[in-house]
Amino acid sequence: MMTIKYDSNGLVPAIIQDATTKNVLMLGYMNAESYEKTLETKKVTFFSRSKQRLWTKGEESGNFLNLVDIKNDCDNDSLLIQVNPVGPTCHKGTDTCWAEENKSNYGFFSTLEDVITERVANKDTKKSYVASLFAKGINKVAQKVGEEAVETVIEAMDNNDELFLYESADLMFHYLMLLQAKGFTLKDIEKELIGRHK
């Protein structure tokens, strides 16, 4: 049984996080009864301070927060609740209460995907290597991935880690371009790998 330290009003803050994207969706408050109801129904239920009653997120909108996991912090006085959200989380219709899109983020790889998208859209073949390669067609993009893959393999068999990492970065960059040329993103690759995971 989890130990929870409720405040003087019998409440504990509950940070809601998407179990897949890891984005923070909202902050709510729970009392002992809403915590128990959440465990029982697997739908996140809060104590509404404005309505002074239990409130299951989605009870009116249908945008439920399906429970995945609950963790307590080191002082037992705040909860991290991982969920699979159904629809937008915020009552204003946005994915999060910070008006952010709830999409997967792969760190700098996501930044690169955005840069590639923007440069392809701008079609400035004189200033952009990405745009110029895309202008040559998917066969050229695929050929470049093949070349970079061979160079990476060659460097893997050598003892120069610096060159191996350099060629690996080239391969990854061009692979991201090929994914986009085919109409896919890292999210699609993640989905495929998750489907294979047993």
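For the structure itself, consult the block above.
Described below are features of the structure shown in this document. Bear in mind that the values here come from a model prediction, so they are computed numbers and not experimental data.

1. Details of the pattern of salt bridges
Now for step 1: This structure, assessed with the given rule, holds 6 salt bridges.
Now for step 2: Of the charged contacts, one joins aspartate 69 and lysine 71 as a salt bridge, the two residues approaching to 3.2 Å between their closest N and O atoms.
Now for step 3: On the accessibility criterion, aspartate 69 (27% relative accessible area) is partly exposed.
Now for step 4: Judged by relative accessible area, lysine 71 falls into the partly exposed class, the value being 40%.
Now for step 5: Where glutamate 190 meets lysine 187, a salt bridge forms, and the shortest distance between an N and an O atom there is 3.3 Å. Of this pair, glutamate 190 and lysine 187 both sit in helix α6 (residues 186-196), 3 residues apart, roughly one helical turn.
Now for step 6: Judged by its relative accessible area of 22%, glutamate 190 falls in the partly exposed class.
Now for step 7: A residue is classified by how much of its surface remains accessible, and lysine 187, at 36% relative accessible area, is partly exposed.
Now for step 8: By sharing partners, the salt bridges in this structure join Lys144, Glu147 and Glu148 into a single network.

Reading the values: rules and limits
Residues numbered from 1 in each chain as written. Predicted model: local features only at pLDDT ≥ 70, side-chain atom pairs only at ≥ 80, totals over all residues. Heavy atoms only, no water. Salt bridge = Lys/Arg side-chain N within 4 Å of Asp/Glu carboxyl O. Buried < 20%, exposed > 50% of the residue type's maximum accessible area, 1.4 Å probe, protein only. Helix = DSSP H or I, 4+ residues; strand = E, 2+ residues; numbered from the N terminus.

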